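Chain residues, written in single-letter form:
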Amino acid sequence: MSNTGRWWHRLDDGRIQCDLCPRDCKLNEGQRGFCFVRARENDQMVLTTYGRSSGFCIDPIEKKPLNHFYPGTSVLSFGTAGCNLGCRFCQNWSISKAKEWDRLSDQATPEELARSARRLGAKSVAFTYNDPTIFAEYAIDVADACHQAGVKTVAVPAGYIHAEARRELYAKMDAANVDLKGFTEDFYREQCLGHLQPVLETLEYVAKETRTWLEVTTLLIPGKNDSDQELVKLCEWFAGHLGPNVPLHFTAFHPDFKLLDVERTPLATLRRARAHALAAGLNHVYTGNLPDLEGSTTYCPGCRAKVIVRSGYDVTGFELEGGKCGACGAAVAGHFEDAAGSFGTRRVPVRLSEAR
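As a starting point, this report considers the structure included with it. (Residues numbered from 1 in each chain as written. Predicted model: local features only at pLDDT ≥ 70, side-chain atom pairs only at ≥ 80, totals over all residues. Heavy atoms only, no water.)

So, about the pattern of salt bridges. Evaluated as defined, the whole model comprises 17 salt bridges. Look at the salt bridges and you will find they share partners, linking R10, E29, R40 and D43 into a network. (Salt bridge = Lys/Arg side-chain N within 4 Å of Asp/Glu carboxyl O.)

What follows is the structure in structure tokens.
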């Protein structure tokens, strides 16, 4: 279904310009933006995927990845179709690069989605798989319904968004894990068909101007964004602009989409990146997509005791009391309950349209 879109204006030449993200797509009647799901219809901007999904699934929150946001709980995850970046290494390309009629097999109103999350026992709802920026109207309405139902909201975006839409979207998000694809303009231009600076502005905004819990993920691609020089600059900027308590995840690339000729990321690269981040003063640095006990453990920033131990996405040890280290009492940044959840590593696909 289509829904009237927001964040656009008319140009003197008769076109309309989408003001959602830095692409600034300029459209004649019947044209679609780069993301493919925002279009000009009947002389206005519409979101063609409102209320539709490529699928719903119950996941562990650690899969987003969020390690400091109600560990061990479950999250109802979904995405739509399309994306406003063109990453050559996209690992969800069958969704993010799809035309909406190719992949949108389920649907739910915001209220139905919120009720389903409660019924399924999910602590939160995640807008993920493709970038929620491009379906922000739907995400905002779902977030309002979720909050009325006592359900938290999580965004998993790339941070490529203009200031006005950014302010409205993140005002509704309880947590976000933002993809920082790399740390050079060349990488963003050549590998993502975008630019770095808007993403850095989003990260600073979320960290400093909102109440949204923030974590950040960088997928390390051999020979593309994993040099020591780039990693040191990334980590130093991160510490200086976001602070030591924002968790940073380094995850492993596998050949996909248009980068099939690039090797998988070795664990040694993830550990090297983590060492740079710890040296820059970050307290919580994780490795992902490969087994690594040390890189998946949360340590107390005071005494370095293990306060959350994980095996994959499963929480196997939890030593926090009121959000503080059980050994020394130092506060650990994040959102925690008195005990970790017990959802484990399951992934449970659900059909909301069949549950009505």
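The next point concerns the pairing of strand β6 (residues 44-47). In terms of strand pairing, strand β1 (residues 3-4) meets β6 through two bridges, oriented antiparallel. Considered in β6, the bridge of N3 is made with L47. The turn joining strand β5 (residues 38-41) and β6, which pair antiparallel and follow one another in sequence, is formed by two residues; a positive phi near 55° is taken by N42. (Pairing = 2+ DSSP bridges. Helix = DSSP H or I, 4+ residues; strand = E, 2+ residues; numbered from the N terminus.)

With four bridges connecting them, strand β11 (residues 124-127) and strand β12 (residues 152-155) associate as parallel partners. If you follow F127 over to β12, its bridge partner there is A155. Each parallel crossover has a hand, and the one from β11 via helix α4 (residues 136-148) to β12 is right-handed. Two elements, β12 and strand β13 (residues 175-179), share two bridges in a ladder whose sense is parallel. Bridging across to β13, A155 finds its partner in A176. Chirality of the crossover, the property in question, places the unit of β12, helix α5 (residues 163-170) and β13 among those that are right-handed. (Right-handed = clockwise from strand over helix to strand, strands pointing away.)

Before going further, it helps to spend a moment on the nonpolar core. Formed by 87 residues in total, the largest nonpolar core has its most connected members in L113, V125, L180, L203 and F250. Contact partners of F250, with chain neighbours within four places excluded, come to T218, L220, L231, C235, L270, A273, R274, A277, V285, Y286, T287 and G288. (Core = buried A, V, L, I, M, F, W, Y, C linked by side-chain atoms within 4.5 Å. Buried < 20%, exposed > 50% of the residue type's maximum accessible area, 1.4 Å probe, protein only. Contact = heavy atoms within 4.5 Å.)

A few words on the packing of α5 against helix α7 (residues 197-209). When two helices pack together, their arrangement is given by the angle between their axes and by how far apart the axes lie. Packing of α5 against α7 brings their axes to within 11 Å, and their N-to-C directions diverge by 40°. When the axes of α5 and α7 are compared, the crossing they make is right-handed. Residues R166, R167 and Y170 of α5 form the contact with α7, whose participating residues are P198, E201, T202, Y205 and V206. When grouped by side-chain class, the residues that make up the contact of α5 with α7 number four nonpolar, one polar and three charged. (Axes fitted to C-alpha atoms, helices over the stretch in contact; angles between N-to-C directions. Left-handed = near helix turned anticlockwise from the far one by under 90°. Nonpolar A, V, L, I, M, F, W, Y, C, P; charged D, E, K, R; others polar.)

All right, on to the environment of R347 then. Here R347 lies in the loop between β21 (324-325) and β22 (348-350). When the C-alpha positions of R347 and K26 are compared, they lie 40 Å apart, and in sequence the two are 321 residues distant. Discounting residues that sit within four places of it in the chain, R347 has contacts with C57, I58, D59, K63 and Y129.

This model, assessed by the stated rule, comprises eleven aromatic pairs. Ring geometry for F127 against F135: centres 6.4 Å apart, planes inclined by 65°, an arrangement best described as edge-to-face. Overall, the relative accessible area of 0% leaves F127 in the buried class. Members of the aromatic cluster, joined through ring pairs, are Y50, F56, F78, F127, F135 and Y138. Here the guanidinium or amino end of R23 rests over the ring plane of F34, the centre of that ring lying 3.7 Å away. (Phe/Tyr/Trp six-rings, centres within 6.5 Å; stacked < 30°, edge-to-face > 60°. Lys NZ or Arg CZ within 6 Å of the ring centre and 35° of its normal.)

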